[in-house]
Every structure is written in structure tokens, then in C-alpha cells.
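Listed below, chain by chain, are the residues.
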Amino acid sequence: MKLKIIGSLTATLLVSALTASSTSAQQFENLQTGDNSQPADETPTAADAAAPSEQASQDPSFQSQDLSTFQPQESDPFQIAPESSGLSLVNAHVLDGRQAATLYISNIPILTFVGAEVGSLEAGSEDKSAAGVSAAAAQPIEAEPVVRATSVGSQLNQLYENGLDAQAIGARWDTEQETYVITVAGEDLITLGEQVMLPDTTQNPAEDALQVANRLRRLLGGAAPITEIEGRPQPVAPPVQTVAVASSTIGLASWYGPGFHGRRSASGERFNQNALTAAHRTLPFGTRVRVTNVNNGRQVVVRINDRGPYSGGRVIDLSAGAAQQIGLVNAGVGQVRIEVLR
């Protein structure tokens, strides 16, 4: 179902954002001076500052969204009431000690914009006190997270009003900047990075880009999700490691475990039946041995840390964990190839 987004002029949104920034600065100055009074009918409530608009939260089409309970990570004196334009909403807060603003669409967090450290605002307030300039006003306007979030929200509103096809929303890899970019009809909308991110980040930049693009596709037109990113760099495969074999023999292998678990092995370390270790009569402790079950081809690399076996013509005694790896547990004894690795 397409969302009805009430468009508004970018200029109006910018004025709202600046007013919001001034309000947050006044709250900080009041806390510094101990003055907690607020003008009547103008003080945002805690509920206003912590959650998106009541209109969006009551929309039945979004009550089942998994991310509807998303909250900013921190709150502090700079938190202000949300700036809203229809179902597009901006909520100012603090994230890891920095100014931040999260852009919502119909109660779903889309992007978080991060700005200057809160401490830098306090310093700015002291430097500008003689001229009567507030801490928030001392910051460059274009760097204000609220202003940037509001501007992007305004662009999305305008695109929707102009008949946006949600299937035109995608993501690409920018080789020069080495980052991901959200696009609309081939045009860049927003560049992701340290200052613009998915609010509930997955810690995987590529996955975050897909999440942002797919939320916009769903919320602005119900388009199916995408799974690929244009120009996405392919992971580099680790180099193939070659292992030199010092010697190879074939013989019988057995295994041991429960009765010896936790006891001292011949090397002095405690035996762990789940570790990939083995006992051999002559190989030095620490020797790595590749053991192959000749009946099924399954292999395991073990470390020699014990002595034995001493009966039944067996040449190696595997831990229970190693025997499990090559399918030898049920048989108890089986023919194996033993390759000593360098």
C-alpha cells in the first residue's frame, strides 16, 4: 500500500530544524544555570522527544513493523521534540556523545545523521558567550544533524509527490569514496558513512546499505526488496595454503575419550576428548598429523599430545572429537592414512 506523504517546502523544514536547534541550546543553557523553567505550552514532553508522532504510531498499517520500537541510544539536555512533515519525521537525540538526528518514515527509522560532539557545543558556548551566541548556533548550519535529516526527508516527500516509482530506489558502491550510496532512479540520494548510517546498524556496511534501500522501497511504494548492490566489491578469497607432507603411512586407528577426559596426558596437558588431538608411540609432541579414513575419504588434522596405542596392532589413537570428524566412532577401529605435516 502506498503511503500518503504530506509534502512540505524545504525552506519551511529548514526553519523548523533551526528553531529546534535553538530550543535544544536553550535547554542546555537552562541546565547550566539551574533554571528549569520553560515557557508555557512550548516545552516538549519526554514522550514527544522519545517517540515518533502519534499520527504515525496509530497508523494500523505499521503496527506490525519489527522496528517500530526503535529508540535512540542516549538522551540528554539536547534532546528536542520531533520535527515532522506528514509521515516523515526527524527526532533529535545524542548518540555516543555526539549530536544526532534520526529520520523516520511512518514510525520506521531510516537514517541517523551524526554531528559534532556535545562537549564541543559547550566549548563553543563559552567562546561565544561575550557575543551572546548560543552553543547550538555556534555550529555551522550545514553540519547540524537535524537540518541534514530534515532536508533528506523533504527530498523523499517531494519525490513521492512527483510519482516516485519505489522500484527505482537502489544502492551502489562508490569506488572513489569507498563507501555505499543510496540512489533513486540512478541519482545519488545520500552517501552512507560515519556521519550517516542505518540507525540499528548490522556492523556490515553492505548489509546496512541494503537495509536502508529496502526500507525506503517498502515504505514509499511497497516494492520488493533488492539483494544486490551495483558495483559491490567482491570479497577477496584467502590464498590457498599448501601443506607439505613429511611422511605417510597406512594403519589401524582407534579412539579414546570418556574414561580419560580431564586426566593428564603423556605431554603433561590435560586430555580433552573433544579437542582434535591423538596419541602416537614415537612422533614428537606437537606434531601435526592429517588422518584420512580410507573407507569414506573424510579427513582431520590432529596434534600429537599423548603416547599410545600399545595393543591390537593400531598405529594411532584419536580423541573422540577427531574420531567423530572422520566417522570412526561407531566402528571403533578403522584403517586410516597418516600423513605427518611439516
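Values in this document were obtained by computation on a predicted structure and should not be read as measured data.

(A) Just the pattern of salt bridges, in detail. Using the criterion set out here, one finds six salt bridges in the structure. As a salt-bridge pair, Arg98 and Glu117 come within 3.4 Å of each other at their nearest N and O atoms. Of this pair, Arg98 sits in strand β3 (residues 98–105) while Glu117 is found in strand β4 (residues 108–117), placing the two residues 19 residues apart along the sequence. For Arg98, a relative accessible area of 30% corresponds to the partly exposed category. For Arg172, the salt bridge identified is with Asp174, shortest N-O distance 3.2 Å. The two residues Arg172 and Asp174 agree in class, both being buried. Where salt bridges share partners, they join Arg172, Asp174 and Asp188 into one cluster.

(B) A look at the pairing of strand β12 (residues 299–306). Two elements, strand β10 (residues 277–279) and β12, share three bridges in a ladder whose sense is parallel. Across the sheet, residue Thr277 finds its bridge partner in β12, namely Arg303. The sheet contact formed by strand β11 (residues 288–293) and β12 spans five bridges and is antiparallel. In the sheet register, Thr292 faces β12, and the bridge partner there is Gln299.

(C) Seen up close, the sheet that holds β12. The strand order β9-β13-β10-β12-β11-β14 describes a closed barrel built from six strands, whose pairing is mixed. Across the sheet, the mean angle from the axis of one strand to that of its neighbour is 45 degrees, orientation sign disregarded. With five bridges joining them, β11 and strand β14 (residues 333–341) adopt antiparallel strand pairing. Its bridge partner being in β14, Arg290 is matched across the sheet by Glu339.

The rules we used
Residues numbered from 1 in each chain as written. Predicted model: local features only at pLDDT ≥ 70, side-chain atom pairs only at ≥ 80, totals over all residues. Heavy atoms only, no water. Salt bridge = Lys/Arg side-chain N within 4 Å of Asp/Glu carboxyl O. Helix = DSSP H or I, 4+ residues; strand = E, 2+ residues; numbered from the N terminus. Buried < 20%, exposed > 50% of the residue type's maximum accessible area, 1.4 Å probe, protein only. Pairing = 2+ DSSP bridges. Axes fitted to C-alpha atoms, helices over the stretch in contact; angles between N-to-C directions.

All quantities given are derived from atomic positions and should not be read as evidence of function.
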